[in-house]
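# A structural walkthrough
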Amino acid sequence: MKHLIYADNAATTQMDVDAFEAMKPYLLQEYGNASQPYSFARQPKKAIQEAREIIASCIGALPEEIYFTSGGTESDNWAIKGTAFRNYDHRATITSAFEHHAVLHACESIERLGCPVAYMWPDSTGLVSPEILARYITDETMLVSVMYANNEIGSIQPIKDLCEVAHAHGALFHTDAVQAVGHVAIDVNDLGVDMLSASAHKFNGAKGVGFLYVRKGTKLLPFTDGGAQEHGLRAGTENVAGIVSMAVALKKNIDDLENNQRHLFELETMLFQALNESGISYVRNGGDYTLPGVISLSFDGKDGEAILHRMDLMGISISTGSACDSKNTEISHVLKAIRIPENLAKGTIRISLGKYNSFEEVIEIASALKRILL
Ligand code: PLP
């Protein structure tokens, strides 16, 4: 059988085997409802608490500051809507024009209900600088939400500096760190963020589980109404198996962070060496400071969709942008936000490498691009 190459790790990742094994007992034997008072619930309850402690320690948080959710989309929605509706005084939210749709559509939703939102434009490298934020923020700003790293072009934002600007104006700061958690070192106290979203399937955990970090004392409306789970703020029976797998996957990635980053750096270096030797001309998007392994390339006058399909025929999975936009043939809102010319935007692909990719696969990706583009 043909060896398939998966190079769309920003869309989702292969599950870590240990994370998968850790789930099994909570589906087959220890399946009790963690909210019940009897002994059958003891182990699931303990496992959730241990997972909370592990996850908190991976990002420098307190266990009680971690709220389990169904993933990045829910965490983002909760941070945006939970802040706006908790402080229903029409103070503004500021976000950036190239956020994931989980943030953008949540912002459009609060706007429809009368809460003002301003959308900052990043610069052409995909950076939202503190100077840009300073032009938008006022003392009437309630929340600033800027993603840690962009999912299409990989650009990493100066979150600590942005946070300082927000706090100087009395605003809260949320970051959608879905692409960053498990891939770069994160300490919520060093960054100073009030809320941070993460999703397990982006760091080799299960799909449909994530968390929202909420700094102690931050005022947030519950996201779901119902039972008293998650300190009464996120009702619903806990996804024990998913939560356990998320903790195992995150801890493994953090313990191995330097090795993983080095491996991805070497893969990237090899890919660019092969592309440069092949004579293909390309523009790399996202500036100088990007997520390890996330590579956005534009080929002048080419068709990104056509490249994706031809790569697929060769057994290689890449993307033209955000996974959620795969049916949308328009230029993505991210590429529009960084204002790259249309001839380049249409010829843009995203290769996102993960810790399981090999050097041989990267060479195959480069030679497939050569066959398609030259
Ligand atoms: N935020 C970013 C930056 C993402 O890349 C994604 C997924 O693509 C999400 C949020 C949504 O996360 P989930 O798939 O866990 O809902």
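Look up a bit, the structure's there.
Residues numbered from 1 in each chain as written. Predicted model: local features only at pLDDT ≥ 70, side-chain atom pairs only at ≥ 80, totals over all residues. Heavy atoms only, no water.

### Quick look at the site of the ligand
- Around the ligand sit 13 residues, and of these Thr73, Asp176, Gln179, Ser199 and Lys202 come closest.
- Taking His100, its side chain carries an N or O atom lying 3.4 Å from an oxygen atom of the ligand.
- A distance of 2.9 Å separates an oxygen atom of the ligand from a polar side-chain atom of His201.
- Here the ligand loses 88% of its free accessible area of 400 Å² to cover by the protein chains.
- Sort the elements by how many residues they give to the shell around the ligand and helix 4 (residues 72-86) lands first, with three residues.
- A breakdown of the residues in the shell around the ligand according to their chemical character gives two nonpolar, eight polar and three charged. (Near = heavy atom within 4 Å. Polar contact = N/O pair within 3.5 Å; in protein donor to acceptor, adjacent residues only side chain to side chain. Areas by Shrake-Rupley, 256 points an atom, 1.4 Å probe, with all protein chains shown as cover. Helix = DSSP H or I, 4+ residues; strand = E, 2+ residues; numbered from the N terminus. Nonpolar A, V, L, I, M, F, W, Y, C, P; charged D, E, K, R; others polar.)

### Topic: unusual backbone geometry
- Even without a glycine there, the phi angle at Glu230 is positive, about 50°.
- Within the fold, Glu230 resides in the loop between strand 8 (210-214) and helix 9 (240-255).
- A relative accessible area of 5% places Glu230 in the buried class.
- In this model, Arg339 sits at a positive phi of 55°, which is unusual for a non-glycine residue.
- Along the chain, Arg339 falls in the loop between helix 12 (333-337) and helix 13 (342-345). (Buried < 20%, exposed > 50% of the residue type's maximum accessible area, 1.4 Å probe, protein only.)

### Overview of the sheet that holds strand 2 (residues 66-69)
- Across the sheet, which stays open at both edges, the seven strands sit in the order 2-8-7-6-5-3-4 with mixed pairing between neighbours. The open sheet terminates on both sides in strands that have one partner only, identified here as strand 2 and strand 4 (117-120). Each strand axis lies, on average, 20° off the axis of its neighbour in the sheet, ignoring direction.
- Bridge analysis of strand 5 (residues 141-145) against strand 6 (residues 172-176) gives three bridges, and the strand direction is parallel. The residue bridging Ser145 from the neighbouring strand is His174, located in strand 6.
- Along the sheet, helix 3 (residues 42-59) contacts strand 2 and strand 8; its crossing angle with strand 2, the most-contacted strand, is approximately 115°. (Pairing = 2+ DSSP bridges. Axes fitted to C-alpha atoms, helices over the stretch in contact; angles between N-to-C directions. Contact = heavy atoms within 4.5 Å.)

### A look at the nonpolar core
- Within the largest apolar cluster, 70 residues are counted, with the highest numbers of intra-cluster contacts made by Tyr148, Ile186 and Phe211.
- If near-sequence neighbours (up to four positions away) are discounted, Tyr148 is found in contact with Ser155, Ile156, Gln157, Ile159, Thr175, Asp176, Ala177, Ala180, Val184, Ala185, Ile186 and Leu191. (Core = buried A, V, L, I, M, F, W, Y, C linked by side-chain atoms within 4.5 Å.)

### Some thoughts on the pairing of strand 7 (residues 195-199)
- For strand 7, a buried count of five out of five residues is recorded, marking the element as mostly surrounded by other parts of the structure.
- Across three bridges, strand 6 lies against strand 7 in parallel orientation. Residue pairing across strands places His174 opposite Met195, the latter belonging to strand 7.
- Judged from the five bridges that link them, strand 7 and strand 8 form a sheet pairing that is antiparallel. Residue pairing across strands places Ser197 opposite Leu212, the latter belonging to strand 8.

### Here's the deal with the packing of helix 10 (residues 257-278) against helix 14 (residues 359-373)
- The interhelical angle for the contact between helix 10 and helix 14, taken along N-to-C directions, is 30°, at an axis separation of 9 Å. It follows that helix 10 is roughly parallel to helix 14 by the angle criterion. Considering the relative orientation of helix 10 and helix 14, their crossing is right-handed. Contacts between helix 10 and helix 14 involve His263, Glu266, Leu267, Met270, Leu271, Ala274, Leu275 and Ser278 from the first element and Phe359, Val362, Ile363, Ile365, Ala366, Leu369 and Lys370 from the second.
- Grouping the constituent residues of the contact of helix 10 with helix 14 by class yields 11 nonpolar, two polar and two charged. (Parallel < 35°, antiparallel > 145°, perpendicular 65-115°, else oblique. Left-handed = near helix turned anticlockwise from the far one by under 90°.)

### Topic: helix 10
- The end-to-end C-alpha distance of helix 10 is 31 Å, a good match for the 32 Å that 22 residues give at a rise of 1.5 Å each.
- Three or more residues of helix 10 are buried, namely Leu257, Asn260, Leu264, Leu267, Glu268, Leu271, Phe272, Ala274, Leu275 and Ser278. For helix 10, the angular spread of buried residues about the axis comes to 160°, placing them on one side. Turned more than 90 degrees from where helix 10 packs its buried face, Glu258, Phe265 and Glu277 sit exposed.
- Along its buried surface, helix 10 packs onto helix 9, strand 9 (283-285), strand 10 (294-298), strand 12 (348-352) and helix 14.
- Following helix 10 by one or two positions, Gly279 adopts a phi angle in the positive range, close to 85°. (Expected span 1.5 Å × (residues − 1). Arc of directions from axis to C-beta.)

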